[in-house]
Amino acid sequence: MAFKRRKIAVIGAGNTGATAAFMLAQKELGDIIIVDIPSMSNPTKGKALDMLQVGPVQGFNVTISGTSHYEDIQDADLVIITAGLPRKPGMSRDDLVTTNANIIKDVSEQIARHAPNSYIIVLSNPVDAMTYVCYKTTGFAKNRVIGQSGVLDTARFNTFVAEELNVSVEDISGFVLGGHGDDMVPLVRYSYAGGIPLEKILPAERLEAIVERTRKGGGEIVNLLGNGSAYYAPAASVVEMAEAILKDKKRILPSIAYLEGEYGYQDIYLGVPTVLGGDGIESIIELPLTTEEKEALNKSAQSVQNVMSIL
Ligand SMILES: NC(=O)c1ccc[n+]([C@@H]2O[C@H](COP(=O)([O-])OP(=O)(O)OC[C@H]3O[C@@H](n4cnc5c(N)ncnc54)[C@H](O)[C@@H]3O)[C@@H](O)[C@H]2O)c1
Ligand SMILES: O=C(O)C[C@H](O)C(=O)O
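The rules behind the values
Residues numbered from 1 in each chain as written. Chains lettered and ligands numbered in written order. Predicted model: local features only at pLDDT ≥ 70, side-chain atom pairs only at ≥ 80, totals over all residues. Heavy atoms only, no water. Helix = DSSP H or I, 4+ residues; strand = E, 2+ residues; numbered from the N terminus. Contact = heavy atoms within 4.5 Å. Areas by Shrake-Rupley, 256 points an atom, 1.4 Å probe, with all protein chains shown as cover. Axes fitted to C-alpha atoms, helices over the stretch in contact; angles between N-to-C directions. Left-handed = near helix turned anticlockwise from the far one by under 90°. Nonpolar A, V, L, I, M, F, W, Y, C, P; charged D, E, K, R; others polar. UniProt positions renumbered as here; feature names shortened; annotations may be inferred. Polar contact = N/O pair within 3.5 Å; in protein donor to acceptor, adjacent residues only side chain to side chain. Domains from an automatic or database assignment. Buried area = accessible area lost by both parts, 1.4 Å probe. Salt bridge = Lys/Arg side-chain N within 4 Å of Asp/Glu carboxyl O. Buried < 20%, exposed > 50% of the residue type's maximum accessible area, 1.4 Å probe, protein only.

1. Side note on the overall build of the protein
Now for step 1: Helix and strand counts for the protein come out as eleven helices and 14 strands.
Now for step 2: Along the three orthogonal principal directions, the C-alpha set of the protein runs to about 55 × 45 × 45 Å.
Now for step 3: Partitioning the contacts of the protein with sequence separation of at least 6, the portion at a separation of at least 24 is 69%.
Now for step 4: Carbon and sulfur atoms provide 52% of the accessible area of the protein, an area that totals close to 14,100 Å².

Right under this line is the structure:
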């Protein structure tokens, strides 16, 4: 049997979808098909063609195409869902729930029909609840339906810590648990700079300020952009997860995973540390938490439940 290149479908050709598609191509992770709703002109095809023409300049060699037909995602190995509305200043991610849930249901049905063996990473917000909708609609196994938030939230935390310490961001390893909302749980106790616990080198009030800024990191960018939300770091984050799966890297990365008793929660998608490899979420890592940390995680899980109760 001949080897074949991987096929990656990106649903939604907006800011996050187009940026993720471009980064996937630059890393030659597979042939890319970008799907968006039909329109009078054809911006999806236009973006795909524009990206493809970077290949000769940067030296990557994959196909990139744009479409509004779901048949074109036939047999995709991996699907990244970015379809849906982003928030605007003054909105919370949860305000998007009703509109985006309808979009995610529709997209998930199409994925189940045309790419029944795929692994899915969901980005659309409110992402914990949208990942749940995708899981229920596709009926795929829980390890194959994954949400992205923790890689991004951790990247923000790491960025702020590196700036504070004036050291390389490469040496910071933060750790964020919970839902992708303002009560997410950056766990300082499990965060390090060059192997040194952060609590040993940063005063408690500076750490608390960084935790707060991380929690509101998405909103900070929404306010700065004025019309839409972050996309470079979100795209890079979803691509890191995609790479872990496509190359069976068995990375320890935070993912939004379906919980059946882990951390004491049932029937919920929530951000937890996972091993991401060729079979998607291969395992969930459970860590001992202090009473205070567990209370913070309970609060975050309750926020996700509140959004899910609207569905
Ligand atoms: N999880 C995260 O960390 C994270 C990070 C950034 C953005 N997001 C979320 O991702 C989503 C997309 O953000 P964006 O900045 O790319 O928005 P965007 O408006 O730039 O792009 C969204 C695209 O989805 C398309 N779309 C809508 N319905 C569709 C359907 N049924 N099928 C296919 N495509 C459809 C739209 O036409 C649009 O091109 C938002 O919900 C945003 O909140 C999540
Ligand atoms: O903040 C948003 O609405 C988009 C995304 O979830 C983010 O964290 O950047």
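2. Overview of the packing of helix 6 (residues 150–165) against helix 8 (residues 204–215)
Now for step 1: Across the interface, helix 6 lies against helix 8 with an axial gap of 9 Å and an inter-helix angle of 145 degrees. Considering how the two elements wind past one another, helix 6 and helix 8 form a crossing that is right-handed. Residues Asp153, Arg156, Phe157, Phe160, Val161, Glu163 and Glu164 of helix 6 pack against Arg206, Ile210, Val211, Arg213 and Thr214 of helix 8.
Now for step 2: Class assignment for the residues of the contact of helix 6 with helix 8 results in five nonpolar, one polar and six charged.

3. Here's the deal with the UniProt feature "domain: Lactate/malate dehydrogenase C-terminal" (unreviewed entry) in the protein
Now for step 1: In this numbering, the UniProt entry assigns the feature "domain: Lactate/malate dehydrogenase C-terminal" (unreviewed entry) to residues 152–307.
Now for step 2: Its end C-alpha atoms 21 Å apart, residues 152–307 is made of 46% helix and 24% strand.

4. Things to note about the side chain of Arg87
Now for step 1: Note on placement: Arg87 falls in the loop between strand 4 (78–81) and helix 4 (97–114).
Now for step 2: A polar contact is formed between the side chain of Arg87 and the backbone oxygen of Met91, at a distance of 3.2 Å.
Now for step 3: Those residues in contact with Arg87 that sit more than four places away from it in its chain are Ser92, Arg93, Leu96, Gly218, Gly219, Val222, Gly228 and Ser229.

5. Some points on the domain arrangement of the protein
Now for step 1: Domain annotation for the protein reports domain 1 (7–148) and domain 2 (150–309).
Now for step 2: Domain 1 and domain 2 are separated by 22 Å when their C-alpha centres are compared.
Now for step 3: If you look at the interface, domain 1 gives 37 residues, while domain 2 gives 48 residues.
Now for step 4: Summed over both partners, the interface of domain 1 with domain 2 buries about 3,600 Å², with 67% contributed by carbon and sulfur atoms.
Now for step 5: Its largest share of buried area at the contact with domain 2, domain 1 owes to Arg93, Asp128 and Gln148, together 20% of the area lost on that side.
Now for step 6: On the surface where domain 1 and domain 2 come into contact, there are two salt bridges.
Now for step 7: Counting residues per element, the ones that place at least two in the side of domain 1 that touches domain 2 are helix 1 (15–26), strand 4, strand 5 (119–122), helix 5 (127–138) and strand 6 (145–147).
Now for step 8: Here the element with the most residues in the side of domain 1 that touches domain 2 is helix 5; it accounts for seven residues.
Now for step 9: Considering only residue class, the side of domain 1 that touches domain 2 consists of 20 nonpolar, nine polar and eight charged.

6. Concerning the UniProt feature "binding site: NAD(+)" (unreviewed entry) in the protein
Now for step 1: Look at the UniProt record and you will see "binding site: NAD(+)" (unreviewed entry) annotated at Gly12, Ala13, Gly14, Asn15, Thr16, Gly17, Asp36, Asn100, Leu123, Ser124 and Asn125.
Now for step 2: Looking at the element boundaries, Thr16 is found in helix 1.
Now for step 3: Discounting chain neighbours no more than four positions away, the residues touching Thr16 are Thr82, Leu123, Ala230, Tyr231, Pro234 and Ala235.
Now for step 4: With respect to the helices and strands, the residue Asn125 is situated in the loop between strand 5 and helix 5.
Now for step 5: On the basis of relative accessibility, which here comes to 19%, the residue Asn125 falls in the buried class.

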